[in-house]
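Remarks on the overall topology
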Amino acid sequence: MADDTRDDVPASTSTTKATLPKTKLPKGMILGKDGKPCRTCNSLADFTSQSKVLKSTPAITSASAMAAVPADCPADVEALGRSSWTLLHSISATYPVAPTTQEQSDVKSFLGLFGKLYPCWVCAEDFQEYMEREKIKASSRDEFGRWLCGAHNEVNRKLGKKEFDCNLWEERWRTGWKDGRCG
Ligand SMILES: Cc1cc2nc3c(=O)[nH]c(=O)nc-3n(C[C@H](O)[C@H](O)[C@H](O)COP(=O)(O)OP(=O)(O)OC[C@H]3O[C@@H](n4cnc5c(N)ncnc54)[C@H](O)[C@@H]3O)c2cc1C
């Protein structure tokens, strides 16, 4: 039977980076709440270099680790993020222009649960904190689309990425670019 844990890494009951096992880990490596390597919290490159540190015979080279995650492998933090943002922005793109009170409540409940269940726990904690600070705005499609764009930009900033111009959120996620390249 497939095991969802890895035996090559010591388990720990810790939940924070500060109290992780003593094994020498690559800088920035994030473990899961069970103290084992968290694939959905790290890039594939980091995840596989973790196994290099812990196993002297890595199953994958660093060059292949740098490549995109093959489509039929479990998602790393980046593949998971891209798919998740696609889902979230697509929800905003199909969100009603004038939502009912129930629809507004539904989208807030969805994001509340999404934030709790997101498979990268450090991402989830930061996203929950963001939603505490910046309450979800969803009284119209545009308002929700812009709120989500702001939430995504918060992560972009954290990761040192370029901020996205939120005036363009609808072209990116609903109508397609004005130059017609999206058909
Ligand atoms: C809720 C959440 C929290 C996350 N937290 C972390 C984290 O803490 N650490 C971590 O390493 N990764 C995190 N991620 C993943 C991270 O945001 C990226 O998805 C991942 O790094 C891949 O980035 P990317 O450059 O391929 O593009 P992505 O950031 O995934 O963006 C996909 C596409 O969305 C468009 N886009 C970019 N910014 C915006 C915006 N502001 N509004 C609208 N469209 C936009 C662009 O066209 C881009 O190509 C998180 C993902 C989610 C969904």
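The text that follows walks through the structure, step by step, so that each part is easy to find. Just so it is clear, the model here is predicted, and its values are computed rather than measured. (Residues numbered from 1 in each chain as written. Predicted model: local features only at pLDDT ≥ 70, side-chain atom pairs only at ≥ 80, totals over all residues.)

Between helix α4 (residues 101-117) and helix α5 (residues 121-133), the least distance of the axes is 7 Å, while the angle of their chain directions is 150 degrees. Viewed along their axes, α4 and α5 adopt a mutual orientation that is roughly antiparallel. Two secondary-structure elements touch here, α4 through Leu-111, Gly-115 and Lys-116 and α5 through Ala-124, Phe-127, Gln-128 and Met-131. Within the contact of α4 with α5, the residues separate by chemical class into four nonpolar, two polar and one charged. (Axes fitted to C-alpha atoms, helices over the stretch in contact; angles between N-to-C directions. Helix = DSSP H or I, 4+ residues; strand = E, 2+ residues; numbered from the N terminus. Parallel < 35°, antiparallel > 145°, perpendicular 65-115°, else oblique. Contact = placed C-beta atoms within 7 Å. Nonpolar A, V, L, I, M, F, W, Y, C, P; charged D, E, K, R; others polar.)

On to the site of the ligand, then. Not every one of the 22 residues close to the ligand is listed here, only the nearest: Gly-81, Cys-123, Cys-149, His-152 and Phe-164. The set of elements that each furnish at least two residues to the shell around the ligand consists of α3 (77-94), α5, α6 (141-158) and α7 (169-175). Among the elements that make up the shell around the ligand, the one with the highest residue count is α3 (seven residues). Of the residues that constitute the shell around the ligand, the class distribution is 11 nonpolar, six polar and five charged. (Near = placed C-beta within 6 Å.)

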